[in-house]
Amino acid sequence: PKQRICTLAGPFRALAPVLGSNSLRSTLQVHLSCLSRPAGTPAYIYAVSTRSFMHNPGFPFPQRKVVLDSGSGNVELTFHFKDSRGRERCMTHGRGLVQMLENAAEELVPLSILFELTNRCNEDCHHCYVDLGDLEDELETAEIERILGELRALGTLFLTFTGGEIFTRKDTLSLIAFARKQGFALRLFTNGTLITDEHIEAIAEAGVTGVEMSLYSMDAAAHDGVTRTKGSWQKTTWAARRMCERGIPVVLKAPVMAKLKDAPSGVAAFAREIGADYRFDPVLLARYDLDDAPISERMDRKALMGFCVDPHLGQAVAPEAVGTMAPGKPICATGRRVALISARGLVYPCTQRFPPAGDLRRQSFREVWEGSPLLMRLRNITFGDLPTCSPCEQASFCGRCSLDSLFEDGDFFEANTWRCELASVRREAWDKGGTDEHKLIEDRLKAHLRRETS
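Residues numbered from 1 in each chain as written. Predicted model: local features only at pLDDT ≥ 70, side-chain atom pairs only at ≥ 80, totals over all residues. Heavy atoms only, no water.

J.: Talk me through unusual backbone geometry; I want residue IDs and the actual numbers.
T.: A cis amide bond links Gly163 with the next residue in sequence, Gly164, at an omega value of 25 degrees. Phi is positive for Leu108, which is not a glycine, with a value near 60 degrees. Along the chain, Leu108 falls in the loop between helix H2 (97-107) and strand S7 (112-116). According to the relative accessible area criterion, Leu108 is partly exposed, its value standing at 31%. Unlike most non-glycine residues, Arg228 shows phi in positive territory, near 55 degrees. In this fold, Arg228 is placed in the loop between helix H6 (220-227) and helix H7 (232-245). Taking the relative accessible area as the measure of exposure, Arg228 reaches 49% and is therefore partly exposed. (Helix = DSSP H or I, 4+ residues; strand = E, 2+ residues; numbered from the N terminus. Buried < 20%, exposed > 50% of the residue type's maximum accessible area, 1.4 Å probe, protein only.)

J.: Give me the packing of aromatic side chains: which residues, what numbers.
T.: The description of an aromatic ring pair rests on the distance of the ring centres and on the angle between the ring planes. Summed over all chains, the structure comprises four aromatic pairs. Where Phe115 meets Phe161, the ring centres are 6.3 Å apart and the plane angle is 85 degrees; that geometry is what we call edge-to-face. Separated by 46 residues along the polypeptide, Phe115 in strand S7 and Phe161 in strand S8 (residues 158-162) bring together distant segments of the chain. On the basis of relative accessibility, which here comes to 0%, the residue Phe115 falls in the buried class. Consider the rings of Tyr278 and Phe280, whose centres lie 6.0 Å apart with planes at 40 degrees: the pair is tilted. With respect to class, Tyr278 is no different from Phe280; both count as buried. A cation sits over an aromatic face here: Lys253 above Phe189, 3.4 Å from the ring centre. In this arrangement the basic side chain of Arg379 is found over the ring face of Trp369, its NZ or CZ atom lying 4.8 Å from the centre. (Phe/Tyr/Trp six-rings, centres within 6.5 Å; stacked < 30°, edge-to-face > 60°. Lys NZ or Arg CZ within 6 Å of the ring centre and 35° of its normal.)

J.: Run through the nonpolar core, naming residues and quoting values.
T.: Among the nonpolar cores identified, the biggest contains 77 residues, and Phe115, Leu159, Phe161, Leu252 and Phe365 are the most heavily contacted of them. With residues up to four places along the chain from it excluded, the contact list for Leu252 reads Met213, Leu215, Ala240, Val267, Phe270, Ala271, Ile274, Ala276, Asp277, Tyr278 and Arg279. Grouped together as the second largest cluster of nonpolar side chains are 14 residues, Ile331, Phe354, Ile381 and Ala415 included. (Core = buried A, V, L, I, M, F, W, Y, C linked by side-chain atoms within 4.5 Å. Contact = heavy atoms within 4.5 Å.)

This is how it looks when you write it as structure tokens:
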């Protein structure tokens, strides 16, 4: 049966510095990479999807397996294939996903791109950080396809289509098919309300690595109250269930707001029922236009503690994850291995809106990536430049964002008060019975295995 754990993608010559000198230069997207398991228990072994995503038709892979070794955090791919001369060959690729991400950042490979296809949306979520006022002059289909070709040439592997609502565009299905033919490991962010059976079949055929959908509550009225769109809960839950039935990997997610602080447990239960994964985030961000209204929806410390100790949500932090960051370590992947492209073709260093680094209607992505003064400056900022955060033992997991620090606390290089509070709660939650994300991933793996072997 088709497995949904990981996906082959490549080859990308531009990824050679990241992946090593293997002639095949394949890599993985593995959502479930660093597991936690008792010492001495066997690693999990899963078959990879039967669909091959190689560009070179001379390298089919009829037999392959993946070993996810939670002891070392490594990912080992073993596959059998025939080379161009018809000879049987076997190759094992054992580089860890974490190491691949670190190498991409060091070599300045734009490994992961978030692409906003549109700012239009059929919902009106009051907490949304995207400024939906800029609806004119979206990129045309041909412009997007040209940009995707430039990304592929530079080594981009992980691509996410987002919005607005991506299915307000009439060409989204064709763009999905085009991106998959280019070999990207493609994810889709959608509210699901415009999805039909036709969409589901096309998405399944394309072989995307995941579809992420926002579901705020299992109470229809509460969910519709957030989206300010009557009937949205019914459409979103229908789409999520149908996609899971079709074998499409689905993630149900939501920012957790104070007024819906108890909602995640119900959404998580629904996700487990239909075979979806789930993820929740207590951090709500200011809007792109600097309107801070969404921040007022954040939970207080008491509500945060209740959220973080829930054993099904994986929000606590284990003691071994606590630690300081080396002064010479870059503060994040911004402009090093990630970037955002807006619906108008502007390039931003990350999903938090810095000033744009370039304009893809006037420049190629390579020109922006290699020549932007803004990106060059950001790449040279390290933890040594953060006087408060560098020696802090919460720095390894607090999720600090410099733009949050600037907007909320007035200093790009200082700590963010909210993140500090959240990190403190997450540490305390472990002692109160909370679980971390590694335990959550292990439980999901076991559930996947039970479903596929039943």
